[in-house]
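If you want the building blocks of each chain, they are given just below.
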Amino acid sequence: MSDVKLAAETRAEFGKGAARRIRRAGKVPAVVYGHGTEPVHITLPGHELLLALRTPNVLLTLDIEGKTELAIPKAVQRDAIKGFLEHVDLLLVKRGEKVTVEVFVQTEGELAPGSFLLEHVLNTLTVEAEATHIPESVTVSIEGLEAGASIHAKDITLPKGTTLAIDEDAVVLQVLAAQAEEPASEDEAAAAEDASAEA
């Protein structure tokens, strides 16, 4: 996993107006919490944070006015239209500490020949991992699978030191037979024509 260093500044201004001023200055308001400490309100450099968050479960090394803290993103709020960062919640972590996170499920290989569809029942897998060794994703082979096949959480090979934090029998992926659309009967076609004529 990647480790990104960011310089943070504590902030004493709150509310929408203050948040707008922070974002206008190219920064993002954030809050850091965890380990039974009082939440610390900070601002982070916007561009660097945006780049860092492209990596799932990125480990952030925060320099909060001379004090170094490790944190992982827990909640990211983006503008629904423009996509810029509005606010970020960060969870304090320590080296060696176990944390529960969600990692993306990626697939490799090809399904067996034929009309089959792969359904992602779960796009992410909830796992427990050491805070400084969180996997970015897990990869599952779907090579040669046919309709009716399914892959459960327990079937997925996890990196060393990572354990499942969900039911091991949970279905993650399943293969379905593609449904061919049946041609409409003459009666249905005539009824559809009548309905469109009346409309």
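Residues numbered from 1 in each chain as written. Predicted model: local features only at pLDDT ≥ 70, side-chain atom pairs only at ≥ 80, totals over all residues. Heavy atoms only, no water.

1. Regarding the overall build of the protein
Spelled out, the test is: Helix and strand definitions here come from DSSP, where helices need a minimum of 4 consecutive H or I residues and strands a minimum of 2 consecutive E residues; each element is numbered from the N-terminal end. Partly exposed describes any residue whose relative accessible area lies between the buried limit of under 20% and the exposed limit of over 50%, with all areas from a 1.4 Å probe on protein chains only and scaled to the type maximum. By definition in these notes, contact holds between two residues if any of their heavy atoms fall within 4.5 Å. Computed by Shrake-Rupley with a 1.4 Å probe, the accessible areas treat only the displayed protein chains as cover when residues are assessed.
Helix and strand content of the protein: 3 helices and 13 strands. Taken over 199 residues, the protein has a buried fraction of 32%. In the protein, once contacts between residues fewer than 6 apart in sequence are set aside, the share between residues at least 24 apart is 64%. When the accessible surface of the protein is split by element, carbon and sulfur atoms take 50% of a total near 12100 Å².

2. What to know about the nonpolar core
So the rule is basically this: Nonpolar cores are built from buried Ala, Val, Leu, Ile, Met, Phe, Trp, Tyr and Cys residues. Side-chain atoms within 4.5 Å join them into one set.
Core analysis: the biggest nonpolar cluster contains 22 residues, and I72, V93, V99, V101, L125, I156 and V172 have the highest contact counts within it. Of all the elements in the fold, those that place two or more residues in this core are strand 5 (67-78), strand 6 (85-93), strand 7 (98-108), strand 9 (124-130), strand 10 (137-141) and strand 13 (171-177). No other element matches the 4 residues that strand 7 contributes to this core. Ignoring sequence-local partners within four residues, the contact set of V99 consists of I72, V93, V127, E128, A129, A131 and I134. Counting residues in each nonpolar core, the second largest holds 19 residues, with A30, I42, L44 and A71 among its members.

3. Some words on the sheet that holds strand 1 (residues 3-10)
Counted only if it meets this: Think of it this way: DSSP has to see at least two bridges between two strands before they count as a pair. Inter-axis angles, ranging from 0 to 180 degrees, are taken between N-to-C directions of lines fitted to C-alpha atoms, where helices are fitted over the stretch in contact.
Spatial ordering of the closed barrel is given by 1-3-2-6-5-4, a layout of 6 strands whose pairing is mixed. Going from strand to strand, the sheet's axes swing by 45 degrees on average, the running direction of each strand aside. As paired strands, strand 1 and strand 4 (residues 59-64) are joined by 6 bridges and run parallel to one another. Note that in strand 4 the partner of V4 across the bridge is L60. Packed onto the sheet, helix 1 (residues 16-24) meets strand 2 (27-34), strand 3 (37-45) and strand 6 and runs at close to 115 degrees relative to strand 2.

4. So, the confidence of the model for the protein
Basically, it comes down to this: Each residue carries a pLDDT score, the predictor's own confidence in it, on a scale running from 0 to 100.
This prediction gives the protein a mean pLDDT of 85; 89% of its residues lie at or above 70. Mean pLDDT across the elements of the protein ranges from a minimum in helix 3 (residues 186-198), with 56, to a maximum in strand 11 (residues 150-152), with 96.

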